[in-house]
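The residues making up each chain are set out below.
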Amino acid sequence: MRPLRYSINVTLDGCCDHRESFADEELHRHAQENLERADALLFGRVTYEMMEAAFRPSDRTGVKPEEMDLFARTIDAARKYVVSTTLKQVDWNAEFLRGDLGKAVQQLKQEPGKGLFVGGVKLPLALAELGLIDEYEFVVHPRIVGHGPTLFAGLSKVVDLKLVDRLELGSGAVAMRYVPKR
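A.B. asks: Report on the pairing of strand 3 (residues 79-83), specifying residues and quantitative values.
C.D. replies: In the sheet, strand 2 (residues 40-44) pairs with strand 3 via five bridges, with the strands oriented parallel. Bridging across to strand 3, Gly-44 finds its partner in Val-83. Pairing geometry for strand 3 and strand 4 (residues 94-96), over three bridges, is parallel. Within strand 4, the position partnered with Val-82 by the bridge is Phe-96.

A.B. asks: Give a description of the sheet that holds strand 7 (residues 161-168) that names residues and reports values.
C.D. replies: Spatial ordering of the open sheet is given by 4-3-2-5-1-6-8-7, a layout of eight strands whose pairing is mixed. Every other strand in the sheet has two partners, leaving strand 4 and strand 7 as the edge strands with one partner each. Sheet twist, expressed as the mean angle between neighbouring strand axes with direction ignored, is 25°. Bridge analysis of strand 2 against strand 5 (residues 116-118) gives three bridges, and the strand direction is parallel. Within strand 5, the position partnered with Leu-41 by the bridge is Phe-117. In the packing of helix 5 (residues 122-129) onto the sheet, contacts are made with strand 1 (4-11), strand 2, strand 3, strand 5 and strand 6 (135-141), and the angle to strand 2 comes to roughly 105°.

A.B. asks: Pulling in residues and values, what's your account of the packing of aromatic side chains?
C.D. replies: Any aromatic ring pair is given by two values, namely how distant the centres are and how the planes are angled relative to each other. Across all of its chains, the model carries six aromatic pairs by this definition. Between Tyr-6 and Tyr-136, the ring centres sit 6.2 Å apart and the planes meet at 90°, which makes this aromatic pair edge-to-face. Taken as a pair, Tyr-6 in strand 1 and Tyr-136 in strand 6 lie far apart in primary sequence, 130 residues in all. The residues Tyr-6 and Tyr-136 share a single accessibility class, namely buried. The ring of Trp-92 has Lys-80 sitting right over it, with the charged end atom 4.0 Å from the ring centre. Seen from the ring of Phe-96, Arg-98 lies directly overhead, with NZ or CZ sitting 3.8 Å from the centre.

A.B. asks: Could you give an account of the pattern of salt bridges, with specific residues and numbers?
C.D. replies: Summed over the entire model, instances satisfying the criterion amount to 14 salt bridges. Between Arg-177 and Glu-135 there is a salt bridge whose closest N-O contact spans 3.7 Å. Of this pair, Arg-177 sits in strand 8 (residues 174-180) while Glu-135 sits in strand 6; the two residues are 42 residues apart in sequence, bridging distant segments of the chain. With respect to class, Arg-177 is no different from Glu-135; both count as buried.

A.B. asks: Give me the lowdown on the side chain of Arg-56, citing residues and values where you can.
C.D. replies: Examined against the element boundaries, Arg-56 turns out to sit in the loop between helix 2 (45-55) and helix 3 (66-77). A polar contact of 2.5 Å, which involves the side chain of Arg-56, links it to the side chain of Glu-52. At a separation of 2.7 Å, a polar atom in the side chain of Arg-56 contacts the side chain of Asp-91. Discounting residues that sit within four places of it in the chain, Arg-56 has contacts with Met-51, Asp-76, Asp-91 and Trp-92.

A.B. asks: How would you sum up helix 2? Please name residues and give values.
C.D. replies: Along helix 2, the residues classified as buried are Thr-47, Tyr-48, Met-51, Glu-52 and Phe-55. Angular distribution of buried residues about the axis of helix 2 spans 130°; they occupy a single face of the element.

A.B. asks: Can you explain the nonpolar core? Please cite residues and give values.
C.D. replies: Core analysis: the biggest nonpolar cluster contains 28 residues, and Leu-4, Tyr-6, Leu-42, Leu-127 and Phe-138 have the highest contact counts within it. Breaking this core down by element, the ones donating at least two residues are strand 1, strand 2, helix 4 (101-110), strand 5, helix 5, strand 6 and strand 8. If near-sequence neighbours (up to four positions away) are discounted, Leu-4 is found in contact with Leu-42, Val-105, Lys-109, Leu-116, Phe-117, Val-118, Leu-127, Leu-132, Ile-133, Asp-134 and Glu-135. Judged by nonpolar contacts, the second largest core, of 18 residues, contains Leu-41, Phe-55, Ala-78 and Trp-92.

Conventions we followed
Residues numbered from 1 in each chain as written. Predicted model: local features only at pLDDT ≥ 70, side-chain atom pairs only at ≥ 80, totals over all residues. Heavy atoms only, no water. Pairing = 2+ DSSP bridges. Helix = DSSP H or I, 4+ residues; strand = E, 2+ residues; numbered from the N terminus. Axes fitted to C-alpha atoms, helices over the stretch in contact; angles between N-to-C directions. Contact = heavy atoms within 4.5 Å. Phe/Tyr/Trp six-rings, centres within 6.5 Å; stacked < 30°, edge-to-face > 60°. Buried < 20%, exposed > 50% of the residue type's maximum accessible area, 1.4 Å probe, protein only. Lys NZ or Arg CZ within 6 Å of the ring centre and 35° of its normal. Salt bridge = Lys/Arg side-chain N within 4 Å of Asp/Glu carboxyl O. Polar contact = N/O pair within 3.5 Å; in protein donor to acceptor, adjacent residues only side chain to side chain. Arc of directions from axis to C-beta. Core = buried A, V, L, I, M, F, W, Y, C linked by side-chain atoms within 4.5 Å.

Here's what the structure looks like:
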């Protein structure tokens, strides 16, 4: 069974607005290494559209650092599953994940491979409610912004976690990886 891994950038005060964290070469390299642990990506509409706008080759402009370009090439080539009731179509190596979310994700997890990777805010909330996330990574940036969306707002149950890895980045951000206590 392949695990479902979740990773998100967050400020010290809990804001998970991607515009409020800083993405340097080291962070992109770390994200690249995370993507290499997955066979497919699972996105909600907002994250799919954001990633497509930023990393689809036809949409990217300008010269970017090598690590960001490698991240962009990896995410561009990755298989993607999109959970959305409002999008009419997807492409960019993507297909819709339809029907009962829990059953559909369980089916993906049963397939052989290295793993699945999910990002974003709303879809991971639904997946956490269903107990489907096998690993959580929070990249905590040393910044207080005082606004923005927060993680897991409205979660109906406590999810206890066990720290399994910690990585300090040169920017001062700390990537902490947890697994659910079962």
